[in-house]
Amino acid sequence: MSTNNSVLVLKVGGALLQCEMGMARLMDTAAAMIANGQQVLMVHGGGCLVDEQLAANGMETVKLEGLRVTPPEQMPIIAGALAGTSNKILQGAATKAGIVSVGMSLADGNTVSAKIKDERLGLVGEVSPKDATYLKFILSQGWMPICSSIAMMDDGQMLNVNADQAATVLAKLVGGKLVLLSDVSGVLDGKGQLIPSLNGKQIAELVKQGVIEKGMKVKVEAALEVAQWMGQAVQVASWRDASQLVALAKGEAVGTQIQP
Ligand SMILES: Nc1ncnc2c1ncn2[C@@H]1O[C@H](COP(=O)(O)OP(=O)(O)O)[C@@H](O)[C@H]1O
Ligand SMILES: CC(=O)N[C@@H](CCC(=O)OP(=O)(O)O)C(=O)O
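The written sequence of each chain sets the order in which its residues are numbered from 1. Here every chain gets a letter starting at A, and every ligand a number starting at 1, in the order they are written. Predicted model: local features are reported for residues with pLDDT of at least 70 only, side-chain atom pairs are reported and counted for 80 or more only, and whole-chain, interface and lining totals are derived from all residues. The basis for the side-chain values is all heavy atoms of the structure; hydrogens and waters are excluded.

What follows covers the packing of aromatic side chains. We call Phe, Tyr and Trp rings a pair once their centres come within 6.5 Å, taking the six-membered ring for Trp, and we label the pair stacked below 30 degrees between planes, edge-to-face above 60, and tilted otherwise. Tallied over the full model, the rule gives one aromatic pair. Consider the rings of F137 and W143, whose centres lie 6.3 Å apart with planes at 90°: the pair is edge-to-face. The partly exposed category is assigned to W143, whose relative accessible area is 30%. Two conditions define a charge located above a ring, namely a distance within 6 Å from the ring centre to NZ of Lys or CZ of Arg, and an angle within 35 degrees of the ring normal. In this arrangement the basic side chain of K172 is found over the ring face of W229, its NZ or CZ atom lying 4.8 Å from the centre. Exposed residues in this analysis have more than 50% of their type's maximum accessible area, buried residues have under 20%, and partly exposed residues fall in between, with area computed by a 1.4 Å probe over protein chains only.

Written out as structure tokens, the structure reads:
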């Protein structure tokens, strides 16, 4: 494993796309980091946009432990919402902030390999790192890749990948530092208070108690995997909190530190 802290992998959840001010603040932060020589790779979700698009097309949303069950007939709408609308909304915000970006998906540039994760989930993908050439080229230009979580199998079948898991694999591929930004300030305890630091044992206990569930369960488990792989903490924080973004830009710890 190689650790190259010059790449920051910033994953943003879908709720950001519905908050123009949040997007502007985040992109300004990213622009300042890039101007400072920091390479930034953005990975995004768009789960709420997918929910909306499915509903508008008379289709149901079914989730199993935080992952969307993806029947083949939903795939065109899901790919359109994630690789299309969500990706381009973010690219628009990046452009406005003066960032040169490259909109892409996990299917581009031989970046990952993908297979079906679990037959019960339909066309949900599990990805593993493959080739960093394409990403490294974009980053070396001072450009920011904006990557959606749509992947493709060798036979051309599109797959829907959870965006936290997509970010995990890209962080491993580039040996980067991972920050997962959501609409909550970090992992919260049963009373809604921010937990500053968590290790694997504490995570397992909170999951067992039902305090960490759904999308947050997927997120902390993805974070833990990268923390253990890198031997350094992964941050779960909020794009909503301007002070967290300022701290992030300074390289300070924000939100919840998921410890190896
Ligand atoms: N212990 C917890 N702390 C914080 N959020 C939690 C917790 N357990 C479940 N959640 C839920 O997880 C959500 C974040 O996961 P998710 O919706 O997948 O975010 P994103 O779309 O940003 O990836 C929170 O908005 C909250 O509803
Ligand atoms: C398999 C699976 O669950 N895919 C996710 C991909 C988007 C995502 O993860 O979006 P957020 O980061 O906004 O949650 C989905 O379809 O919602």
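Looking now at the pattern of salt bridges. We define a salt bridge as a contact between a side-chain nitrogen of Lys or Arg and a carboxyl oxygen of Asp or Glu at a distance within 4 Å. Within this structure, the stated rule accounts for nine salt bridges. The closest approach of N and O atoms between D51 and R68, which form a salt bridge, is 2.9 Å. Within this pair, whereas D51 is found in helix α2 (residues 47-56), its partner R68 is found in strand β4 (residues 67-68), the two being separated by 17 residues in sequence. Through salt bridges with shared partners, a single ionic network connects K11, D164 and K219. Counting from the N terminus, the helices are the DSSP runs of H or I reaching at least four residues and the strands are the DSSP runs of E reaching at least two.

Here we take up the site of ligand 2. What makes a residue near a molecule or strand is one non-hydrogen atom of that residue sitting within 4 Å of it. Close to ligand 2 lie 15 residues, the nearest being K11, G14, R68, N160 and A163. In protein, a polar contact means a hydrogen-donor-capable atom and an acceptor-capable atom, both N or O and within 3.5 Å, with residues adjacent in sequence counting only if both atoms are side-chain atoms; elsewhere, any N or O pair within 3.5 Å suffices. Within the contact set of ligand 2, an oxygen atom lies 3.1 Å away from a backbone nitrogen or oxygen of G47. Gly falls in the polar group here, along with every residue not listed as nonpolar (Ala, Val, Leu, Ile, Met, Phe, Trp, Tyr, Cys, Pro) or charged (Asp, Glu, Lys, Arg). Per-class residue counts for the shell around ligand 2 are five nonpolar, eight polar and two charged.

Interpretation note: all reported values are geometric properties and have no functional meaning in isolation.
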